[in-house]
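Next come the chains, spelled out residue by residue.
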Amino acid sequence: MKDCDAAIRLDPKFVKAYLRKANIAIGLKNMTEAGKAFQKALELDPNCQEALDGFRRCSMTTNDPEEVRKRAMGDPEIQAILKDPAMRMILEQMQSDPRALEEHLKNPQIASKIEKLLLSGLIQIR
């Protein structure tokens, strides 16, 4: 993992380093970190099939909602997002009106928080 981080520091556009980092994270059972690395690889190369497949695999890794919840709640950033009253209101609004998501994603801070929740597996968009 350290080698991948070093490669990324040397060349932040080196897609292979993100792919390797993601695969190492999968081996360590850290699907959140793997999902982030796959997503960064996709930002750099939207046509990268390995990154796309890996990101999907991370999203579908566990079907046990209780396990997903436990893993996500171990992340202090997730805890902070869920304790934020504004984010709670946004999430409730998204449940009752899925079109509201489009409007909320225009705000980069909210989009980042929603992305974190998606990667954790706590929320899904269908």
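Scroll up a little and you will see the structure.
Novice: Explain the side chain of Lys21 to me, and be specific about the residues and the numbers.
Specialist: By the secondary structure assignment, Lys21 is in helix 2 (residues 15-27). Accessibility expressed as a relative area gives 15% for Lys21, which makes it buried. A polar contact is formed between the side chain of Lys21 and the side chain of Asp5, at a distance of 2.8 Å. Setting aside residues up to four positions removed in sequence, Lys21 forms contacts with Met1, Cys4, Asp5, Ile8, Glu33 and Ala37.

Novice: Got a sec to walk through the pattern of salt bridges? Specific residues and values, please.
Specialist: Going through the model one piece at a time under the given rule, you end up with 7 salt bridges. Note that Lys116 is salt-bridged to Glu77, the shortest N-O span being 3.7 Å. Linking Lys116 in helix 9 (residues 108-120) with Glu77 in helix 6 (residues 76-83), this pair joins segments that are 39 residues apart in sequence. What makes Lys116 buried here is its relative accessible area of 5%. Residue Glu77 is classed as partly exposed on the basis of its relative accessible area of 42%. Through salt bridges with shared partners, a single ionic network connects Asp5, Lys21 and Glu33.

Novice: Talk me through the nonpolar core; I want residue IDs and the actual numbers.
Specialist: In this structure, Leu19, Ile26, Ala34, Phe38, Ala41, Ala51 and Cys58 are the most contacted members of the largest nonpolar core, which totals 17 residues. For this core, the elements supplying multiple residues, two or more each, are helix 2, helix 3 (31-44) and helix 4 (49-59). Here this core takes 7 residues from helix 2, the largest share from any one element. Setting aside chain neighbours within four positions, we find Phe38 in contact with Leu19, Ala22, Asn23, Ile26, Glu50, Ala51, Gly54, Phe55, Arg57 and Cys58. Counting residues in hydrophobic clusters, the runner-up holds 12 residues, among them Leu91, Leu101, Ile110 and Ile114.

Novice: Kindly report on the packing of helix 2 against helix 3, identifying the contributing residues and their values.
Specialist: Two numbers describe how helix 2 lies on helix 3: the axes approach to 8 Å, and their chain directions differ by 165 degrees. In terms of orientation, helix 2 lies roughly antiparallel with respect to helix 3. Considering the relative orientation of helix 2 and helix 3, their crossing is left-handed. Across the interface between the two elements, Val15, Tyr18, Leu19, Lys21, Ala22, Asn23, Ala25 and Ile26 of helix 2 pack against Met31, Glu33, Ala34, Ala37, Phe38, Lys40, Ala41 and Leu44 of helix 3. Here the residues of the contact of helix 2 with helix 3 are counted per class, giving 12 nonpolar, 1 polar and 3 charged.

Novice: Give me the lowdown on helix 3, citing residues and values where you can.
Specialist: Its 14 residues give helix 3 an end-to-end C-alpha distance of 20 Å, which sits within 8% of 20 Å, the value for a rise of 1.5 Å per residue. Of all the residues in helix 3, the buried ones are Met31, Thr32, Ala34, Gly35, Ala37, Phe38, Gln39, Ala41 and Leu42. One side-chain oxygen at the N-terminal end of helix 3 lies 3.0 Å from the backbone nitrogen of Glu33; it belongs to Asn30.

Novice: I'd love a proper account of a nonpolar patch on the surface, names of residues and values included.
Specialist: Residues Met1, Ile24 and Leu28 make up a contiguous nonpolar surface patch of roughly 250 Å² in combined accessible area. Position of Leu28 among the secondary structure elements: in the loop between helix 2 and helix 3.

Novice: Now, about unusual backbone geometry: what can you tell me, with residues and values included?
Specialist: Trans is the common state for peptide bonds, and a negative phi is the common state for residues other than glycine. Residue Lys29 is not a glycine yet carries a positive backbone phi of 65 degrees. You can see Lys29 is positioned in the loop between helix 2 and helix 3. Lys29 gets classed as exposed once you look at its relative accessible area, which sits at 64%.

Definitions and limits used
Residues numbered from 1 in each chain as written. Predicted model: local features only at pLDDT ≥ 70, side-chain atom pairs only at ≥ 80, totals over all residues. Heavy atoms only, no water. Helix = DSSP H or I, 4+ residues; strand = E, 2+ residues; numbered from the N terminus. Buried < 20%, exposed > 50% of the residue type's maximum accessible area, 1.4 Å probe, protein only. Polar contact = N/O pair within 3.5 Å; in protein donor to acceptor, adjacent residues only side chain to side chain. Contact = heavy atoms within 4.5 Å. Salt bridge = Lys/Arg side-chain N within 4 Å of Asp/Glu carboxyl O. Core = buried A, V, L, I, M, F, W, Y, C linked by side-chain atoms within 4.5 Å. Axes fitted to C-alpha atoms, helices over the stretch in contact; angles between N-to-C directions. Parallel < 35°, antiparallel > 145°, perpendicular 65-115°, else oblique. Left-handed = near helix turned anticlockwise from the far one by under 90°. Nonpolar A, V, L, I, M, F, W, Y, C, P; charged D, E, K, R; others polar. Expected span 1.5 Å × (residues − 1). Patch = residues over 30% accessible without salt bridge, like charges linked within 9 Å, V, L, I, M, F, W, Y side chains within 5 Å. Areas by Shrake-Rupley, 256 points an atom, 1.4 Å probe, with all protein chains shown as cover.

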